[in-house]
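Coordinate inspection notes
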Amino acid sequence: KIQMSRRYDQSTTTFSPEGRLHQVEYAIEAINNAGTCVGLQCADGIVLCAERKVVSKLLAPSKTSEKTYTVDDHVVCLVAGLTSDANILINQSRLGSQRYLYKYQEPMPVEQVVKSICNYKQAYTQYGGLRPFGVAFLFAGWDRNFGYQLYQTDPSGNYSGWKATVIGQNNQAGKSILKTDYSENNSLDKNLKIAVKILLKTMDSTSPSPDRIELSTIVRNADGDIKHVTLKDAQVQKFIDEIQKEEEVEQKKSEASTGDI
Amino acid sequence: NKTSFRYYYYINYLYLPNMSILEYNGGAVIAMAGKNCVGICSDLRLGAQFQTVSRDFKKVFKVTDKLYVGLTGLATDILSVDQLLQFRCNMYKLRENREIKPEAFSALLSTLLYEKRFGPWFCEPVVAGLTADNKPFLSGMDLIGAPVFGSDFVVSGTCTANLHGMCESLYRPDMEPEELFEVLAQCLLAAVDRDAISGWGALVHIITPEGVITKKLRSRQD
């Protein structure tokens with residue numbers, strides 16, 4: 001099948017005989033090797049969690065994150081894919097958000113932020129013969145019309161709204177954990193734990209540590225300000241320890257039940 | 001008849017050769033340096049030539065906790081330039097992950113104004129802030145962005161001659177925040193009393209490393 005699609009996959013602007021855009025599909029494939037990103041929504045806020053792939057003692061301490069970016073006071077996003085492509089798109093979304101604020105003197109609604117960046121991505125699948133952006137985002141934010149919202153975007157320029165979702169490496173494993181553990185009525189703390197749990201499952205590390213995990217929340221406080229708070233390493237470690245302890249207990253239980261008489 | 005002729009006269013008033021668009025709405029702003037603090041204040045009048053329209057039109061805007069900008073001139077351009085500055089400073093904060101410093105902000109404002117060299121924003125701004133070492137920073141500009149960096153005070157508005165005179169008389173270096181407030185308030189109030197299109201109250205901000213003290217002054221309401 002891969003050999004058959006050869007002739008129609010060199011250019012983004014060409015459909016294959018089966019009606020597919022192969023370049024776009026390959027771009028989507030690139031996301032599946034990227035560090036996992038998780039987003040969970042509840043009544044009080046949104047939990048965001050991402051796995052940092054590049055962790056080395058030789059790396060200079062970073063002023064910015066490679067996964068979490070602020071787009072505006074009320075919108076934050078997680079990146080899965082090529083960081084360099086993501087930087088272009090994040091700059092565009094920041095400009096778009098400020099242009100709206102300048103024009104209407106009120107914050108840009110979250111869906112419109114997402115839509116504008118998706119339209120920008122879509123142009124690279126239809127015009128110019130340039131390759132698509134190899135980036136998928138999880139946009140999380142709050143606005144006056146629809147409250148807390150979580151959106152996923154992909155290189156095709158498509159987007160969808162979610163209550164909870166996982167993108168990137170091993171996202172299927174993550175999604176199955178969401179099916180069992182996630183509920184709309186969860187508290188923010190419960191969602192924090194689920195997010196870390198999902199990351200522990202999707203990471204290919206046997207010794208998970210807080211420096212590989214970026215855990216943050218978006219919450220609108222009593223004054224009406226939207227705060228994006230990144231949890232400290234110690235707090236993340238606490239969640240990791242709790243989850244690992246629970247897993248040990250589960251394992252012992254299952255071992256005990258399959259023992260001989 | 002006589003009344004309609006007088007009305008027609010006022011409409012054409014602006015088109016007299018000695019009338020400037022910067023004097024249509026009226027206003028005054030002073031910024032002054034103290035000891036590890038700066039003060040910036042403006043009057044509150046908004047008028048349409050001689051008719052006062054609002055006595056609550058603030059001309060000083062916050063950029064960061066340690067940086068304020070005051071704008072005089074055409075009211076619509078005051079608002080537009082403030083909104084543009086918010087755009088630019090928001091982008092700056094997102095890209096650089098820190099708040100903008102007064103020196104960089106002053107340069108930003110200067111280039112923003114010069115971009116419109118041949119169709120300018122009709123406003124003359126004043127920048128007041130504290131540098132990273134909490135030293136006072138003052139700068140003023142004309143409508144096309146030519147900056148002047150003051151070590152003592154900078155003024156702008158329809159009564160700059162009055163403002164300069166008052167500041168020269170009352171200013172002394174290294175004032176503490178309370179003294180600075182008194183001097184600043186007296187300079188502005190006295191100056192705008194001799195200007196028909198400025199006044200109707202004043203708003204003073206004293207920026208210190210600990211925070212900003214804001215006071216509203218009630219002056220002659222005429």
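Described in the following lines is the structure provided in the data block. (Residues numbered from 1 in each chain as written. Chains lettered and ligands numbered in written order. Predicted model: local features only at pLDDT ≥ 70, side-chain atom pairs only at ≥ 80, totals over all residues. Heavy atoms only, no water.)

**Considering the overall build of chain B**
When helices and strands are tallied, chain B shows 5 helices and 12 strands. For chain B, whose C-alpha radius of gyration is 18 Å, the value lies close to the compact-globule estimate of 17 Å for 222 residues. The principal-axis extent of the C-alpha atoms belonging to chain B is close to 65 × 35 × 25 Å. Buried positions account for 50% of the 222 residues belonging to chain B. Considering only residue pairs separated by 6 or more positions, chain B has 61% of its internal contacts joining residues 24 or more positions apart. When the accessible surface of chain B is split by element, carbon and sulfur atoms take 53% of a total near 11000 Å². Computing the positive centroid from 23 side-chain charges and the negative centroid from 24, chain B places the two 6 Å apart. (Helix = DSSP H or I, 4+ residues; strand = E, 2+ residues; numbered from the N terminus. Rg over C-alpha atoms; globule rule 2.2 N^0.38 Å. Buried < 20%, exposed > 50% of the residue type's maximum accessible area, 1.4 Å probe, protein only. Contact = heavy atoms within 4.5 Å. Areas by Shrake-Rupley, 256 points an atom, 1.4 Å probe, with all protein chains shown as cover. Lys, Arg positive; Asp, Glu negative; His and termini not counted. Charge placed at Lys NZ, Arg CZ, Asp CG, Glu CD.)

**Here we look at the side chain of Ser-156 of chain B**
All names here are of chain B. On the secondary structure map, Ser-156 appears in strand β10 (residues 153-157). Within polar-contact distance, the side chain of Ser-156 engages the side chain of Thr-72 at 2.5 Å. Of the polar contacts made by the side chain of Ser-156, one reaches the backbone oxygen of Glu-124; its length is 2.8 Å. For Ser-156, the residues in contact, after removing those within four places along its chain, are Ala-28, Val-29, Thr-72, Glu-124, Val-126 and Leu-163. (Polar contact = N/O pair within 3.5 Å; in protein donor to acceptor, adjacent residues only side chain to side chain.)

**Re the sheet that holds strand β10 (residues 226-230) of chain A**
All names here are of chain A. Across the sheet, 5 strands lie side by side as β8-β1-β2-β9-β10; this open sheet has antiparallel pairing. The two strands at the open ends of the sheet, each matched to only one other strand, are β8 (164-167) and β10. Shown here is a sheet whose adjacent strand axes are inclined to one another by a mean of 10°, direction ignored. (Pairing = 2+ DSSP bridges. Axes fitted to C-alpha atoms, helices over the stretch in contact; angles between N-to-C directions.)

**So, the pairing of β10 of chain B**
Residue and element names in this part refer to chain B. β10 sits mainly inside the fold: 4 of its 5 residues count as buried. Here strand β1 (residues 28-33) pairs with β10 via 5 bridges, running antiparallel. For Val-29, the partnering residue across the bridge sits in β10 and is Ser-156.

**Section: the pattern of salt bridges**
All names here are of chain A. Under the criterion given, the structure shown has 17 salt bridges over all chains. Across the pair Arg-52 and Glu-214 runs a salt bridge whose closest N-O atoms are separated by 2.6 Å. With Arg-52 in the loop between β2 (45-51) and β3 (68-72) and Glu-214 in strand β9 (residues 213-220), this pair connects stretches of sequence that are 162 residues apart. Accessibility expressed as a relative area gives 25% for Arg-52, which makes it partly exposed. For Glu-214, a relative accessible area of 5% corresponds to the buried category. (Salt bridge = Lys/Arg side-chain N within 4 Å of Asp/Glu carboxyl O.)

**Digging into the pairing of strand β4 (residues 51-54) of chain B**
With 3 bridges joining them, strand β3 (residues 46-48) of chain B and β4 of chain B adopt antiparallel strand pairing. Counterpart to Ala-48 of chain B in the pairing with β4 of chain B is Gln-51 of chain B.

**Side note on the nonpolar core**
Generally speaking, soluble globular proteins have nonpolar side chains that are buried together. Counting 39 residues, the largest nonpolar core has Ile-30, Met-32, Ile-40, Leu-163 and Leu-188 of chain B as the members making the most contacts within it. When contributions to this core are tallied by element, the ones reaching two or more residues are β1, β2 (38-43), β7 (123-130), β10, α4 (160-170), α5 (177-193) and β11 (202-208) of chain B. Here this core gets 10 residues from one element, more than from any other, and that element is α5 of chain B. In this view, Leu-163 of chain B contacts Ala-28, Val-29, Ile-30, Val-155, Ser-156, Leu-188 and Ala-191 of chain B; residues no more than four positions away in its chain are not counted. Counting 26 residues, the second largest nonpolar core, distinct from the first, contains Val-38, Leu-188, Ala-195 and Leu-199 of chain A. (Core = buried A, V, L, I, M, F, W, Y, C linked by side-chain atoms within 4.5 Å.)

**Considering the sheet that holds β10 of chain B**
Residues and elements named next belong to chain B. Spatial strand order, β10-β1-β2-β11-β12: 5 strands in an open sheet with antiparallel pairing. Looking along the sheet, the strands with just one partner apiece sit at the ends: β10 and β12 (211-217). Taken pair by pair, the neighbouring strands of this sheet meet at an average axis angle of 10°, ignoring direction. In the packing of α4 onto the sheet, the strands contacted are β1 and β10, and the crossing angle to β10 comes to about 160°. Along the sheet, α5 contacts β1, β2, β11 and β12; its crossing angle with β1, the most-contacted strand, is approximately 155°.

**Regarding the packing of helix α4 (residues 171-181) of chain A against helix α5 (residues 188-202) of chain A**
Residues and elements named next belong to chain A. Axis separation between α4 and α5 bottoms out at 9 Å; the angle between their running directions is 145°. Considering how the two elements wind past one another, α4 and α5 form a crossing that is right-handed. Each of Gly-174, Ile-177, Leu-178 and Asp-181 in α4 lies in contact with α5, whose residues at this interface are Ile-194, Lys-197, Ile-198, Lys-201 and Thr-202. (Left-handed = near helix turned anticlockwise from the far one by under 90°.)

**Structural notes on the packing of aromatic side chains**
Throughout the structure, instances matching the rule amount to 9 aromatic pairs over all chains. Summarising the aromatic geometry, the rings of Tyr-102 of chain A and Phe-87 of chain B are spaced 6.3 Å apart at their centres and angled 75° between planes, so their arrangement reads as edge-to-face. One end of the pair, Tyr-102 of chain A, is in helix α2 (residues 83-104); the other, Phe-87 of chain B, is in helix α2 (residues 75-96), on a second chain. One aromatic cluster in this structure is built from Tyr-120, Tyr-124 and Phe-133 of chain A. Sitting over the ring of Phe-181 of chain B, Lys-215 of chain B keeps its end group 4.4 Å from the ring centre. (Phe/Tyr/Trp six-rings, centres within 6.5 Å; stacked < 30°, edge-to-face > 60°. Lys NZ or Arg CZ within 6 Å of the ring centre and 35° of its normal.)

Note that every value here comes from positions in space, so none of it alone points to a role or purpose.
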